[in-house]
Amino acid sequence: MNYVGIDIGSTAAKVVTRGDVNLEFVLPTGWSSKETAGIIRERLLLEGIDVLDDGTQTVATGYGRVAVDYADHVITEITCHARGGREIGSGDCAVIDVGGQDTKVILISQGMVQDFLMNDKCSAGTGKFLEIMANRLGVSLSELFDLADTGEALPISSLCTVFAESEVINYIGEGRRREDIAAGVVDSVAAKVAQLALRKELPEQVILTGGLSGSGYFARILSEKIERKVESEDCGRYAGALGAALLAEEKFKRRGGK
């Protein structure tokens, strides 16, 4: 038996399988979620998993979840990220998911979603903003973090990505150090994520998921702003897909499957 979790986000699609075959992989979402879902199906076939077989249960989540027409169940991002975050954190925690399109803060208590928040502003508090700013500075996302780690943050106050980018362009025109601009960009996003997170009473354990979960630097800056240690692990980017795979298994077994 195989249980497949597919999390199609606005920027990347993540896949986790559990059961007879255990694997995880990520690929760009591209312009079409439906096309991406087809590519995922073909990739799984190469790994010996047929999503149309009775021996496979699939749960889809994320921005493009409705495009996965072969999924047995479609479940919201909040539920899947909470289940995956609970697994990664081994218990009750807060999950902060910084995605390409939005940022979510999920509070998990006694194994269930107690409360959650999503950003209601522009993309200036998301991973997409960091990608745009990295492109403007001519570096990759990982290089942006490396630069920021050696800089002194310049203030970037705009909530809107367009206006924030104008601030960055002005700094470039003034000849400011790229390291300081990068530090300002990362600090700006961390501040907006922290502002959202601090609207709730956070538990001691806080887990970072999403595309930024592998960045120890971003986790450190965010930790300072929320005054809690934010745990950062590479597997955090798979939290939604992992949760979907686990929920696929749990749903199957509740129906009497073995």
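This report concerns the structure included in the present document. Given the structure is predicted, the values throughout are model-derived calculations rather than measurements.

To continue, consider the sheet that holds strand β6 (residues 93-98). In space, the five strands of this open sheet follow the order β8-β7-β6-β9-β10, with mixed pairing throughout. Every interior strand has two partners, whereas the edge strands, β8 (112-118) and β10 (230-232), have only one. The average undirected angle you get between the axes of adjacent strands in this sheet is 25°. Bridge count for strand β9 (residues 206-210) against β10 is three bridges, and the pairing is parallel. Paired with V206 across the strands is V230, a residue of β10. Lying over the sheet, helix α6 (residues 178-197) contacts β6, β7 (103-109) and β8, oriented at roughly 40° with respect to β7.

Viewed as axis vectors pointing N to C, α6 and helix α7 (residues 216-226) meet at an angle of 50°, and their least axial separation amounts to 9 Å. Classified by the interaxial angle, the pair formed by α6 and α7 is oblique. Regarding α6 and α7, the two cross each other, and that crossing is right-handed. Of the residues in α7, those in contact with A183, V186, D187, V189, A190, A191, V193, A194 and A197 of α6 are Y217, F218, I221, L222, K225 and I226. Taken together, the residues of the contact of α6 with α7 break down into 13 nonpolar, no polar and two charged.

Phi angles above zero are rare outside glycine, and Q110 is one such case at about 55°. Within the secondary structure, Q110 sits in the loop between β7 and β8. The phi dihedral of E227 falls on the positive side, at around 55°, and the residue is not glycine. Looking at the secondary structure, you find E227 in the loop between α7 and β10. Residue E227 is classed as exposed on the basis of its relative accessible area, which comes to 69%.

Criteria and cut-off values
- All residue numbers refer to position in the chain's written sequence, counted from 1.
- In keeping with the model being predicted, local features are shown solely for residues with a pLDDT of at least 70 and side-chain atom pairs are shown and tallied solely at 80 or more, while totals for entire chains, interfaces and linings include all residues.
- To get the side-chain values, take all heavy atoms of the structure and skip hydrogens and water.
- One bridge is not enough; two strands pair if DSSP finds at least two bridges between them.
- For the purposes of this entry, the term helix denotes a DSSP run of H or I that reaches at least four residues, the term strand denotes a run of E that reaches at least two, and both are numbered from the N terminus.
- Lines fitted to the C-alpha atoms define the axes, with helices restricted to the stretch that makes contact. Angles between their N-to-C directions range from 0 to 180 degrees.
- Two residues qualify as a contact provided that any one of their heavy atoms is within 4.5 Å of a heavy atom in the partner residue.
- If an angle is under 35 degrees, it is roughly parallel; if it is over 145, roughly antiparallel; if it lies from 65 to 115, roughly perpendicular; otherwise it is oblique.
- Crossing handedness is defined as follows: a turn of the near helix away from the far one that is anticlockwise and smaller than a right angle gives a left-handed crossing, while the clockwise case is right-handed.
- Under the scheme applied, nonpolar residues are Ala, Val, Leu, Ile, Met, Phe, Trp, Tyr, Cys and Pro; charged residues are Asp, Glu, Lys and Arg; polar residues are all the others, including Gly.
- Think of it in three bands: residues with accessible area under 20% of the maximum for their type are buried, residues over 50% are exposed, and the middle band is partly exposed, with areas taken using a 1.4 Å probe on protein chains only.

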